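Observations on the three-dimensional arrangement
Here's the letter readout for the chains.
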Amino acid sequence: MIISHVLELDERINYQMCGKLYVVATPIGNLADFSYRAIETLKTVDLIAAEDTRHVKMLLQHYAINNKLISLHQHNEEQAAPGLIDKIKSGLNIALVSDAGTPLLSDPGMPFVKLAKQEGIDVSPIPGACALIAALSVSGLPVTRFNFEGFLPRTSSARKTFFSERTNGTATWVFYESSHRILASLEDLQAILSGHRRIVVARELTKLFETVVSDTLDNVLELVRNDKNMQKGEFVVLVEGAEIEKNTSEITEDQKSVLSILLKECSIKTAVAMAVEITGARKKILYQAALDMKGD
Ligand code: SAM
């Protein structure tokens, strides 16, 4: 009884001693996009783990945040994470920031957060800017379902394979791209997808030269190819998902009657081809409907 009471007390003390990990989003361009809570957190934690300490200093100076920094980037995060976890366990509060936007989203932080969760440490988000979400919000494309692909493979052939594996996906897909590869990536996309597919290129969001272009792939590619400014800066590319195939029950009454008139005079093949021309309905759907009608 006494022993278990002592243990409980011990656990409580440990729990109270343990600090917290805050995952803090920083602006993706416009420094004003930084929340009051983010500023307060960076001021009050014991340590800020930053992707690039020199880079984050500009933001900290802007908001008069004077705090200790430690470097945590993709080349040292596996090795550095356990030491930082020990510091949190000893009672320190640590904030994780990347160079821009939300940490872990195509940015360092995953091993640190994963280990913190495994160790039962409280991990709390301080949400804010994220290029993916900012771009989706202004794209005009469906956002209920989307696939975030991060950065694309570096070689053209790997990119084409990557695109061809996704052509039939019906959700919007989103990827990050740099100025070095934006043109090449769009060209590879055109080699695989129909040039009529809608895409959105969101460039330099929240910055002076913010540009969001939405059009067919063919038109956007032409624009980017012919305007050198459209090849500068940071990019989010969004691609409309493939059209969801409608089944034969979704054929309209008008389309049905056109098809049935044509079927009285022509073969299935000709009737379907003519019905496509007249009604604009999809060939596959009309063909299935024609087979059903002939079956009747
Ligand atoms: N963690 C960040 C976030 O939450 O958006 C993304 C970091 S990732 C290393 C950087 C890439 O994000 C850029 O190459 C670009 O594709 C995209 N990006 C970042 N800021 C952007 C901006 N202001 N406008 C458009 N794309 C941006």
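For the structure itself, consult the block above.
These figures come from a predicted structure and were not determined experimentally. (Residues numbered from 1 in each chain as written. Predicted model: local features only at pLDDT ≥ 70, side-chain atom pairs only at ≥ 80, totals over all residues. Heavy atoms only, no water.)

Considerations on the site of the ligand
Applicable threshold: Here a residue is considered near a molecule or strand provided that any single heavy atom belonging to it is located within 4 Å of it. Here a polar contact is taken to be a pair of N or O atoms separated by no more than 3.5 Å, where protein atoms must pair a possible hydrogen donor with a possible acceptor and residues adjacent in sequence count only if both atoms sit in side chains. Using a 1.4 Å probe, the Shrake-Rupley method yields the accessible areas, and only the shown protein chains count as cover for residues. In this text, helices come from DSSP runs of H or I with a minimum length of four residues, and strands from runs of E with a minimum of two, each type numbered from the N-terminal end. Under the scheme applied, nonpolar residues are Ala, Val, Leu, Ile, Met, Phe, Trp, Tyr, Cys and Pro; charged residues are Asp, Glu, Lys and Arg; polar residues are all the others, including Gly. Delimitation of the domains relies on an automatic or database domain assignment.
Near the ligand lie 19 residues; those nearest to it are Thr102, Leu105, Asp107, Ala131 and Phe235. Interatomic distance of 2.8 Å between a backbone N/O atom of Thr102 and an oxygen atom of the ligand. One of the backbone N or O atoms of Glu177 is found 3.2 Å from an oxygen atom in the ligand. Out of a free accessible area of 570 Å², the ligand has 91% covered by protein chains. Listing elements by their share of the shell around the ligand, those giving two or more residues are strand 7 (172-178) and strand 10 (234-239). By residue number, the principal contributor to the shell around the ligand is strand 10, which donates 3 residues. Residues that form the shell around the ligand fall into these classes: 11 nonpolar, 3 polar and 5 charged. Counting contributing residues, the shell around the ligand receives three or more from each of domain 1 (2-129) and domain 2 (132-239).

Observations concerning the nonpolar core
To be explicit about the condition: To define a nonpolar core, start from buried Ala, Val, Leu, Ile, Met, Phe, Trp, Tyr and Cys residues and group those joined through side-chain atoms within 4.5 Å. To sort residues, take the accessible area from a 1.4 Å probe on protein chains only and compare it with the maximum for the residue type: under 20% means buried, over 50% means exposed, and anything in between is partly exposed. Every residue pair with non-hydrogen atoms within 4.5 Å of one another is taken to be in contact.
In terms of nonpolar packing, the biggest core is built from 20 residues, with Leu186, Leu189, Ile199, Val201 and Val239 touching the most fellow members. Dropping the residues within four chain positions of it, Val239 is found in contact with Leu141, Ala171, Thr172, Trp173, Phe175, Leu189, Leu193, Arg197, Arg198 and Ile199. Within the second largest apolar cluster, 17 residues are counted, among which are Ala38, Tyr63, Ala95 and Val97.

Structural notes on the sheet that holds strand 10
Strand pairs in the sheet, formed through backbone hydrogen bonds, run parallel or antiparallel to each other. Threshold: Here a strand pair is declared whenever DSSP counts at least two bridges between the two strands. Lines fitted to the C-alpha atoms define the axes, with helices restricted to the stretch that makes contact. Angles between their N-to-C directions range from 0 to 180 degrees.
Taken together, 5 strands build an open sheet; the order of strands is 6-7-10-8-9 and the sheet is mixed. Here the strands that pair on one side only, and so sit at the sheet edges, are strand 6 (146-151) and strand 9 (211-216). Neighbour to neighbour, the strand axes of the sheet diverge by 15° on average, direction disregarded. Here strand 8 (residues 198-203) pairs with strand 9 via 6 bridges, running antiparallel. Looking at strand 9, one finds that Ile199 is bridged to Asp215.

Remarks on helix 10 (residues 253-265)
What counts is decided by this rule: For a helix, the expected span equals 1.5 Å multiplied by the number of residues minus one. Directions are taken from the helix axis to each C-beta atom, and the arc is the one they span.
Here helix 10 contains 13 residues, and its C-alpha end-to-end distance of 19 Å stays within 8% of the 18 Å for a straight helix at 1.5 Å per residue. By the burial criterion, the buried members of helix 10 are Gln255, Leu259, Leu262 and Leu263. Mapping the buried residues of helix 10 onto a view down its axis gives an arc of 105°, with all of them on the same face. Turned more than 90 degrees away from the buried face of helix 10, the exposed residues are Glu253, Asp254, Ile261, Lys264 and Glu265. Buried positions along helix 10 lie against helix 11 (268-279) and helix 12 (283-295).

Function cannot be read off these values alone, since they describe shape.
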